[in-house]
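Below are the chains, spelled out letter by letter.
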Amino acid sequence: MLIAAYSKPTATRTAYGSCTRRGSSEMTHRMNSAPISRRSFLKASMAAGAVVATGDLPCRHLFAEAADSGAPDWVDRPMRWAQLTLVEDDPGKFDPQFWLDYFKRTRSQAACLSAGGCVAYYPTQVPFHHRSQWLGGSDPFGELVAGCRKLGMVVVARTDPHATYDDARDAHPDWIAVDADERPRRHWASPEMWVTCALGPYNFEFMSEVKKEIMSRYRVDGIFINRWEGSGMCFCEHCRKNFRQATGQELPRAADPQNPARRAHILWRQQRLFDLWQLWDREVRRINPNSCVIPNTGGGATSSLDMKKIGELAPTLFADRQARRGLSAPWANGKNGKEFRAAMGRKPIVGIFSVGLEEPYRWKDSVQSEAEIRLWVADGVANGLRPWFTKFSGVLQDRRWLRVVEDLYRRHAGWEKYLRNEAPLARVALIYSQQTAWFYGGDRAGARVEDPILGWYQALIEARVPFEMVHDRLLDDAHLSPFKTLVLPNIAALSDAQCDQLRAFVKNGGSLIATYETALCDEWGARRGDFGLADLFGVSFRNRVEGPMHNAYLRLEHDRARRHPLLKDLEDAPRVIHGVWRLEVEPREKFLNPPITLIPSYPDLPMEKVYPRIPETSISQVFLREFKSGRAAPSKRGSKAPEEFFSGRTIYFPWDIDRTFWEVQCVDHFKLLRNAVEWATNEAPPITVTGPGVLDVTVWRQKDSMTVHLVNLTNPMMMKGPVRELIPIGPQKVRLRIPADARVRKVRLLAADKTPRFERDRSNLSLIVPSILDHEILAVDLQPKG
């Protein structure tokens, strides 16, 4: 059944957002082709030509396979973490016992403690490992480790290898990072130091010795490495030689991701870092098999290291988004949790938060407002992060944060039973794509790739739709089966195999919502002749892009598409603003009764000329389709029942509705996005929450319970912190679907510490949450039926 319309559009082509067209000599390789060895990878990478062979290799085989060393037995135990990062003059000045007492009061179960790298806080014997000038005969790291162990805490050593000193530079000039003009790099903030090369012998040899020494002396549970990926591109002799040997190319000077050398460097750099990580991990496990190395790495679409590979290597991971900065919403912390979970699955993910401001000016001794800290931590916890506070300097300049973190951690400890989540229960997922950022977005990935994601994220938050995120290279049935609807926010770069996986998802009854240039490029950012998902969208690309559009509109076709669900809550609007960029597309079949059509741009100055030249067209700006697929299901008696039908739906917006919504925050665009999710999903949601304000709503299943997290984001400082005060919002009506195989045993509101009145019908639990300050959790204890 086809539910949309189209008429021939007109447009002019511009450069924004269009993928680079594939060269005729390029080959397209599917993501599921046969594995190749590292030797084959390097050999292929050396092939010369217009496009390096590296670019032709499927992403899943770029990186060497990891040896399965097994996760240490402690990784899932800690729920609350503490980090103390010492500064060089702390030894002899700070009070270790104060911090040990604070760890105990906060009920912290793991500690990350400064050990070495830039500065050693123990009596190191490794040459050129700089001891603190204030160390003397002391061992502050060892003292803290011993104290934490008496408290029964997991202990992780922190190292930072990104800078060194004159003695190391004089003895090993090849350890130092070199800029594009072949000048050794002084440190930008501490000019007495030198920036080190992350990909050469400083890390592979020197820092390996440091890690082995730390593990041999203290047998810590793990080693956390900060700033290990490098501080910008390095042109040192090792990088030039190793890159040339691996790829046959010189180091790139151009930023264009379609440049052969740049594409090769994106992949080669990742391989070097993954090799380094695995080297360090092997070395420390030889000494302590129940330990591991955990680099500070990972993130979303614009992260430079492959999250799929990170998820395979890491037994646990620490999401280092310490606070918001600039124009940013508090839900950014929860977003980090979703991004990491997309790759990590049920492995524990810890969310690092700072007690200070995180702005470009780096006030590292600052203290954030209490309300901002509470809200940031709440959204992380609601999205599955285990909190980790970090403090720089053992000598306190400002003590205002101590009580705030202590209160948060005590509350968290009281809720711990309900925070050991087994699975989120969201039915909607937002896809993110690193390959789209690397090979399509390039140095404009923020605007072209991340902004559409942020637009959808904000819309789903406002719509109170529980949702997860999915990595685009994990589109197999095991990862997609929990979801009914997938959202593709300008996921431009998709392989043929990924497109096949999405087709299978729809064939099995799933729904897709896609925007703008989704699937218009292959996995390397090279533009196809048509959408890789043209058969699902029902349209073909006509090789024209229009934009940036000024003063363009959308006509809402209330007469032709009467009471269309996409136009819900827009009944009084004859038209709304358009986006900024749109593709000209042509239907592959007939669409009827378009709910939204184009009103082309017309002059916006002088004011006397501001009138539409073409007041209406039949050019559809959304394409909705419904697919029916059948499957015979056996009856209870074993005979075949009548065929069951499963409905998969697709919605395609040939314009940047999500990116524009993030930039402009137009409420009409929000309603279109919300209505699109409702129509596509076409089933009763796992939860509905009705009431005033803005809430981040998440739903989880634990071993013997379900929880609903309600994080109150309602605040005048929501989009630009820090929050000055928490503003409570009034009653929220909650309707939660209970699993068919479970019976409700107890219901609690954890923050309010109350047992609410509730009603229960056959499959739903209904109640009123009277008030929410920052974070309320509805906890429902369950027991099996029967």
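Residues numbered from 1 in each chain as written. Predicted model: local features only at pLDDT ≥ 70, side-chain atom pairs only at ≥ 80, totals over all residues. Heavy atoms only, no water.

Chemist: I would appreciate a short explanation of the overall build of the protein in the present structure.
Modeler: Counting its secondary structure elements, the protein contains 18 helices and 32 strands. The long-range fraction of contacts in the protein, counting pairs at least 24 apart against all pairs at least 6 apart in sequence, stands at 78%. (Helix = DSSP H or I, 4+ residues; strand = E, 2+ residues; numbered from the N terminus. Contact = heavy atoms within 4.5 Å.)

Chemist: Hey, could you run me through the pattern of salt bridges in this one?
Modeler: Pairing is possible between side chains of opposite charge, provided their charged atoms come close. Following the criterion strictly, the structure yields 51 salt bridges and no others. The residue Arg 544 makes a salt bridge to Glu 584 at a minimum N-O spacing of 3.7 Å. Of the two residues, Arg 544 is situated in strand 18 (residues 539-546) and Glu 584 in strand 21 (residues 582-587); the sequence distance between them amounts to 40 residues. In this structure, Glu 678 engages Lys 568 in a salt bridge whose closest nitrogen and oxygen atoms are separated by 2.8 Å. Of this pair, Glu 678 sits in helix 18 (residues 667-681) while Lys 568 is found in the loop between strand 19 (553-556) and strand 20 (575-577), placing the two residues 110 residues apart along the sequence. Via salt bridges that share partners, Asp 76, Arg 80, Arg 386, Glu 416 and Arg 420 belong to a single interconnected network. (Salt bridge = Lys/Arg side-chain N within 4 Å of Asp/Glu carboxyl O.)

Chemist: Sorry if this is basic, but what is going on with the side chain of Glu 88 here?
Modeler: Relative to the helices and strands, Glu 88 is located in the loop between strand 2 (81-85) and helix 2 (96-105). For the buried Glu 88, which has no salt bridge, the nearest side chain bearing the opposite charge is Arg 131, at an N-O separation of 11 Å. If we skip the residues at most four places from it in the chain, Glu 88 touches Val 119, Tyr 121, His 130, Arg 131, Ser 132, Gln 133, Trp 134 and Tyr 165. (Buried < 20%, exposed > 50% of the residue type's maximum accessible area, 1.4 Å probe, protein only. Lys, Arg positive; Asp, Glu negative; His and termini not counted.)

Chemist: Whenever I open this one, the confidence of the model for the protein confuses me. Can you help?
Modeler: The predicted coordinates ought not to be read in detail in places where the model reports low pLDDT. When pLDDT is averaged across the protein, the result is 91; 89% of the residues are at 70 or more. Scored below 50 in pLDDT, residues 1-17 makes 75 contacts in the model with residues more than four places away or belonging to other chains. Below a pLDDT of 50 lies the segment residues 22-67, which in the model reaches 102 contacts outside its immediate sequence neighbourhood of four places, other chains included. (pLDDT = per-residue confidence, 0-100.)

Chemist: Hey, could you run me through the packing of aromatic side chains in this one?
Modeler: Centre distance and the angle of the planes are the two values used to describe a pair of aromatic rings. Taken as a whole, this structure holds 39 aromatic pairs when the rule is applied. Ring geometry for Trp 81 and Trp 388: centres 5.0 Å apart, planes at 10°, overall stacked. Taken together, the residues span a long stretch of sequence, with Trp 81 in strand 2 and Trp 388 in strand 11 (residues 386-392) at a distance of 307 residues. No difference in accessibility class separates Trp 81 from Trp 388, as the two residues are buried. Three or more aromatic residues joined by ring pairs form one cluster here, namely Phe 98, Trp 99, Tyr 102, Phe 353, Phe 389, Trp 401 and Tyr 409. A cation sits over an aromatic face here: Arg 575 above Tyr 553, 4.1 Å from the ring centre. The positively charged end of Arg 649 is found above the aromatic ring belonging to Trp 679, 4.4 Å away from the centroid. (Phe/Tyr/Trp six-rings, centres within 6.5 Å; stacked < 30°, edge-to-face > 60°. Lys NZ or Arg CZ within 6 Å of the ring centre and 35° of its normal.)

Chemist: Can you walk me through the environment of Glu 312 in this structure?
Modeler: Examined against the element boundaries, Glu 312 turns out to sit in helix 8 (residues 307-313). Judged by relative accessible area, which is 45%, Glu 312 ranks as partly exposed. Each C-alpha atom of the pair Glu 312 and Ala 343 lies 7.9 Å from the other, and the pair is 31 residues apart in sequence. Polar side-chain contacts of Glu 312 include one of 3.0 Å to the side chain of Lys 308. (Polar contact = N/O pair within 3.5 Å; in protein donor to acceptor, adjacent residues only side chain to side chain.)

Chemist: I would appreciate a short explanation of helix 15 (residues 496-507) in the present structure.
Modeler: Working note: α-helix, 3.6 residues per turn, so residues spaced by three or four point in the same direction. The first and last C-alpha atoms of helix 15 sit 16 Å apart over twelve residues, in line with the 16 Å expected at 1.5 Å per residue. Those residues of helix 15 that fall on the buried side of the exposure criterion are Ala 497, Gln 498, Cys 499, Leu 502, Phe 505 and Val 506. After helix 15 finishes, the residue Gly 509 shows a positive phi value of roughly 105°. (Expected span 1.5 Å × (residues − 1).)

Chemist: Looking at this structure, I do not really get the nonpolar core. What am I missing?
Modeler: Burial of nonpolar side chains together is a common tendency in soluble globular proteins. Counting 207 residues, the largest nonpolar core has Phe 103 and Phe 141 as its most contacted members. Once residues lying within four places of it in the same chain are set aside, the contact partners of Phe 103 are Ala 82, Leu 84, Ser 108, Ala 111, Leu 113, Cys 148, Leu 151, Met 153 and Phe 389. The next biggest cluster of nonpolar side chains, apart from the first, holds 23 residues, and it includes Leu 695, Leu 736, Ala 742 and Val 747. (Core = buried A, V, L, I, M, F, W, Y, C linked by side-chain atoms within 4.5 Å.)

Chemist: What am I meant to see in a nonpolar patch on the surface here?
Modeler: A cluster of nonpolar side chains, namely Leu 605, Met 607 and Val 610, defines an oily patch on the protein surface of about 300 Å² accessible area. Structurally, Leu 605 can be placed in the loop between strand 22 (596-599) and strand 23 (623-631). The exposure class assigned to Leu 605 is exposed, which follows from its relative accessible area of 60%. (Patch = residues over 30% accessible without salt bridge, like charges linked within 9 Å, V, L, I, M, F, W, Y side chains within 5 Å. Areas by Shrake-Rupley, 256 points an atom, 1.4 Å probe, with all protein chains shown as cover.)

Chemist: What is the right way to read empty space enclosed by the protein from this model?
Modeler: Over the atoms a probe the size of a water molecule is rolled, and this reveals where empty space is left. Within the structure shown, the criterion is met by eight cavities of 30 Å³ or more. Put simply, the largest cavity is a space of about 90 Å³. Lining the largest cavity we find Val 377, Ala 378, Val 381, Pro 387, Leu 408, Tyr 409, Arg 411, His 412, Trp 415 and His 775. At the level of elements, helix 10 (370-382) and helix 11 (401-414) are the ones that each hand at least two residues to the lining of the largest cavity. With four residues, helix 11 is the single largest residue contributor to the lining of the largest cavity. When the residues that make up the lining of the largest cavity are grouped by side-chain class, the tally is seven nonpolar, two polar and one charged. (1 Å grid on protein atoms, 1.4 Å probe; cavity = no way out; pocket = protein on both sides within 12 Å on 5 of 7 lines; lining within 4 Å. Points joined across faces, edges and corners; volume = space filled by probe spheres on them. Nonpolar A, V, L, I, M, F, W, Y, C, P; charged D, E, K, R; others polar.)

Chemist: Can you help me understand the sheet that holds strand 12 (residues 423-424) in this one?
Modeler: In sheet architecture, strand pairing relies on hydrogen bonds along the backbone and comes in two forms, parallel and antiparallel. Across the sheet, five strands lie side by side as 12-26-27-32-29; this open sheet has antiparallel pairing. Pairing within the sheet leaves two strands with one partner each, and these edge strands are strand 12 and strand 29 (742-749). Two elements, strand 12 and strand 26 (residues 695-701), share two bridges in a ladder whose sense is antiparallel. From the neighbouring strand, Pro 424 faces strand 26, where its bridge partner is Trp 700. Contacts from helix 10 reach strand 26, strand 27 (705-712) and strand 32 (775-784), with the element oriented near 150° to strand 27. (Pairing = 2+ DSSP bridges. Axes fitted to C-alpha atoms, helices over the stretch in contact; angles between N-to-C directions.)

Chemist: When you look at the packing of helix 17 (residues 657-664) against helix 18 in this model, what are you seeing that I'm missing?
Modeler: Working note: a packed helix pair is described by the angle between its axes plus the distance between those axes. In contact at an axis separation of 9 Å, helix 17 and helix 18 are set at 140° when each is read in the N-to-C sense. The orientation of helix 17 relative to helix 18 falls into the category oblique. Helix-helix and strand crossings are classified by hand; for helix 17 and helix 18 the assignment is left-handed. Between helix 17 and helix 18, the contacting residues are Ile 657, Thr 660 and Phe 661 on the first element and His 669, Phe 670, Leu 672 and Leu 673 on the second. Each residue belonging to the contact of helix 17 with helix 18 can be placed in one class, and the counts come to five nonpolar, two polar and no charged. (Parallel < 35°, antiparallel > 145°, perpendicular 65-115°, else oblique. Left-handed = near helix turned anticlockwise from the far one by under 90°.)

Chemist: Explain the pairing of strand 32 here, please?
Modeler: Remark: a regular strand shows side chains that alternate across the two faces of the sheet. With eight of its ten residues buried, strand 32 lies for the most part within the structure. Relative to strand 32, strand 29 runs antiparallel, the two sharing seven bridges. The residue bridging Leu 749 from the neighbouring strand is Leu 778, located in strand 32.

Chemist: Got a minute to help me understand the side chain of Asn 336 in this structure?
Modeler: For Asn 336, the position within the fold is in helix 9 (residues 332-344). Judged by its relative accessible area of 5%, Asn 336 falls in the buried class. Excluding its chain neighbours within four sequence positions, the residues that come into contact with Asn 336 are Gly 299, Ala 319, Asp 320 and Arg 321.

Chemist: Sorry if this is basic, but what is going on with the pairing of strand 26 here?
Modeler: For strand 26, the tally of buried residues reaches six of seven residues, placing the bulk of the element in the interior. Across seven bridges, the pairing between strand 26 and strand 27 is antiparallel. When the sheet's bridge partners are listed, Thr 698 is paired in strand 27 with His 709.

Chemist: When you look at the sheet that holds strand 28 (residues 732-737) in this model, what are you seeing that I'm missing?
Modeler: The four strands are arranged 25-28-31-30 in an open sheet whose pairing can be described as antiparallel. Of all the strands in the sheet, the pair left with one neighbour each is strand 25 (687-690) and strand 30 (758-760). Direction aside, neighbouring strands of the sheet carry axes that sit 15° apart on average.

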